[in-house]
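Geometric and topological summary
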Amino acid sequence: MEEKRALPFVAPALIILCFVSLYPLVQGISRVLYSFRALTGKNVYSGLQNFVLLFRDSVFVHALLNSLVWTVTSVAAMFFVSFLLATMLNSRHLRFRRAFRTVTLIPWALPGVVVSLIWRYIFLSGGPLNTALSGLGVTYPPAWLIDPHVALWTCIVANIWMGIPFVTIMILAGLQSLEGDILEAAAIDGASYLQTQVRIVVPSIKKVILIILTLESIWTFNSFDIVFVLTKGGPANASMTLPLYAYTWAYGSQQAGYGAAIGIIMLLILLSVVVLYIREVLQ
Amino acid sequence: MRMHPVKQVLLHVAVLVMIAFLVFPVLLLVFNSLKTQTQIFASPMGIPHGVTWDNFRTVIAGGTFLVNLRNSVIVAFSTVILAVIVTAPAGYALSRFKFRGRTAFSMWLLATQAFPGIIMVLGLFTVLKVYGLINQLPGLVIMHTSFALPFSIWLLKGYFDKIPIDLEEAARIDGCTRLRALVSIILPLSVPGLLAVATFSLLLSWNEFFFALVIMRTNESWTLPVYLARFLGSGGVVQWGPLSAAALLVTIPVFILFLLGQRYLVSGLTGGAIK
């Protein structure tokens with residue numbers, strides 16, 4: 001009985017999701033079996049050849065490692081900065097709390113492309129950051145966007161900046177759901193800030209933290225805009241990440257099959273993150 | 001409990017430093033939009049003296065800005081409307097009915113978050129091509145709606161969960177159908193939740209870059225994020241003044257709507273996550 005009644009309500013979403021989520025997923029994955037032949041201008045069946053080529057591709061391995069560094073450092077930094085900010089924004093001793101909280105949200109509303117433009121300007125060789133560094137007496141400030149050792153980290157900074165508002169607001173909501181007297185009791189017992197957070201706060205808002213870490217890791221791993229606008233993966237692939245590498249193959253070189261192979265590896269990594277999350281939550 | 005005054009000052013200083021880190025980059029954008037190229041490079045961080053509006057005139061008069069603005073507005077608002085219409089009943093069903101496949105449906109919604117853009121764009125390209133929707137606004141609307149759906153359904157389910165079930169049961173005893181109950185009792189109570197979905201899908205669609213870049217192939221069909229990226233990559237020396245003016249024009253409309261809707265978005269997101 002219930003099922004028949006639920007169907008009309010779920011049907012529109014279900015139909016749309018089948019057309020634009022399930023079918024494209026299967027279709028996109030199946031592209032890996034084909035390769036583009038420039039001579040004939042056609043896509044021909046090539047079996048698992050794209051995967052064979054992929055595992056011999058040193059740029060792919062490099063982009064994979066970059067993507068892991070990009071995701072883990074971004075999410076870790078976002079989390080620590082946001083946690084600190086959220087606990088401060090939650091403090092009863094802070095004045096103008098509401099105003100501060102609203103201002104914190106600002107980077108969230110900006111399009112990724114605009115965020116990237118802003119940081120590209122900040123990191124220009126003769127731009128604001130290097131001018132400030134020169135003022136502080138740094139003789140040779142790094143060429144943030146063109147030094148192969150620095151370029152990826154430059155992108156990471158921009159990404160952290162963009163992610164802070166969402167993470168902060170979610171943690172703040174978690175903190176607000178805590179009973180005030182727990183923290184009060186900890187303070188009376190003489191617990192330090194660090195002890196209170198690690199022993200009491202983090203365990204009590206573990207569920208929120210898990211969902212934030214999962215979503216933010218997925219979004220960061222899939223993120224395209226910042227690296228595309230800041231460095232295009234350069235110089236010489238130094239800051240190449242998987243989404244950009246897949247795009248370059250699929251739309252720069254028309255090798256959709258090779259792009260799909262990269263995408264499938266990404267899918268496997270991300271689905272394992274989701275499975276980890278579900279297992280952790282179901283426990 | 002009182003806080004030591006020194007500690008309290010330190011707390012405020014620390015918050016201000018972090019807020020400055022979040023706000024100062026945006027201020028730079030505003031400054032640049034009001035400066036000439038020479039002024040920008042003479043003092044990369046300075047407050048503009050002798051404000052010029054030329055950058056804004058250049059952007060609006062030249063290129064495809066206005067056409068691309070129109071595209072962005074159409075796509076974003078269609079996405080919002082479609083997302084609200086589709087997610088409200090789905091969120092309601094997830095919240096109120098126990099049906100077979102309910103858990104599977106929820107898991108699927110979470111899993112969609114993990115699908116890499118490249119796979120989806122390769123697959124969707126094929127679907128859209130069949131219906132002649134490549135380079136067409138409806139094609140992009142469908143894509144954006146599909147990204148907005150999972151999160152919005154989840155958000156609304158959380159919202160509906162908080163509305164006491166007795167309200168509709170009373171109405172149904174009075175002879176109301178499920179749909180009537182949803183439309184005339186639940187939805188009016190869920191306006192904040194619906195506004196959260198609207199704000200979320202508006203931001204998502206207005207800011208989305210990757211799919212618009214791949215699907216919208218001609219200058220006239222670009223949306224604003226693609227316009228900005230092409231502006232930057234158009235070759236030669238980057239004209240930071242006009243580019244910043246354009247970026248501001250892209251940001252401001254949706255930023256104002258965001259400020260109006262953020263309250264609902266924040267409580268909607270956090271309401272779902274905390275439970």
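Residues numbered from 1 in each chain as written. Chains lettered and ligands numbered in written order. Predicted model: local features only at pLDDT ≥ 70, side-chain atom pairs only at ≥ 80, totals over all residues.

1. Some remarks on the pairing of strand β2 (residues 42–45) of chain A
All names here are of chain A. Bridging between strand β1 (residues 34–37) and β2 involves four bridges; their strand directions are antiparallel. Across the sheet, the residue bridging to phenylalanine 36 is asparagine 43, located in β2. Linking β1 to β2, which pair antiparallel, is a turn of four residues; within it glycine 41 sits at a positive phi near 70°. (Pairing = 2+ DSSP bridges. Helix = DSSP H or I, 4+ residues; strand = E, 2+ residues; numbered from the N terminus.)

2. A look at the environment of asparagine 222 of chain A
Summarising the element assignment, asparagine 222 of chain A is placed in helix α11 (residues 206–222). Remark: the alpha-carbon pair of asparagine 222 of chain A and glutamine 49 of chain A, spanning 173 residues in sequence, is separated by 25 Å. With residues up to four places along the chain from it excluded, the contact list for asparagine 222 of chain A reads Pro243 of chain A together with Pro116 and Gly117 of chain B. (Contact = placed C-beta atoms within 7 Å.)

3. Here we look at the domain arrangement of chain A
All names here are of chain A. Each assigned domain of chain A is listed with its residue range as follows: domain 1 (1–47) and domain 2 (50–282). For domain 1 versus domain 2, the distance between C-alpha centres works out to 30 Å. Across the contact, eight residues belong to domain 1 and nine residues belong to domain 2. Secondary structure elements with two or more residues in the side of domain 1 that touches domain 2: α1 (2–30) and β1. Per element, the largest residue contribution to the side of domain 1 that touches domain 2 is three residues, and it comes from β1. By residue class, the composition of the side of domain 1 that touches domain 2 is four nonpolar, three polar and one charged. (Domains from an automatic or database assignment. Nonpolar A, V, L, I, M, F, W, Y, C, P; charged D, E, K, R; others polar.)

4. With respect to the interface of chain B and chain A
Taken together, the contact between chain B and chain A spans 76 residues of the former and 80 residues of the latter. Partitioning the side of chain B that touches chain A into residue classes produces 58 nonpolar, 15 polar and three charged.

5. With respect to the packing of helix α7 (residues 137–161) of chain B against helix α10 (residues 191–207) of chain B
A pair of packed helices is captured by two measures, namely the crossing angle of their axes and the spacing between those axes. Residue and element names in this part refer to chain B. Their axes nearest at 9 Å, the elements α7 and α10 cross at an angle of 155°. Taken together, the axes of α7 and α10 are roughly antiparallel relative to one another. As for the relative orientation of α7 and α10, their crossing is right-handed in sense. On the side of α7, the interface is formed by His144, Phe147, Ala148, Phe151, Ser152, Leu155, Leu156 and Tyr159, while α10 contributes Gly193, Ala196, Val197, Phe200, Ser201, Leu204 and Ser205. Tallied by class, the residues present in the contact of α7 with α10 amount to ten nonpolar, five polar and no charged. (Axes fitted to C-alpha atoms, helices over the stretch in contact; angles between N-to-C directions. Parallel < 35°, antiparallel > 145°, perpendicular 65-115°, else oblique. Left-handed = near helix turned anticlockwise from the far one by under 90°.)

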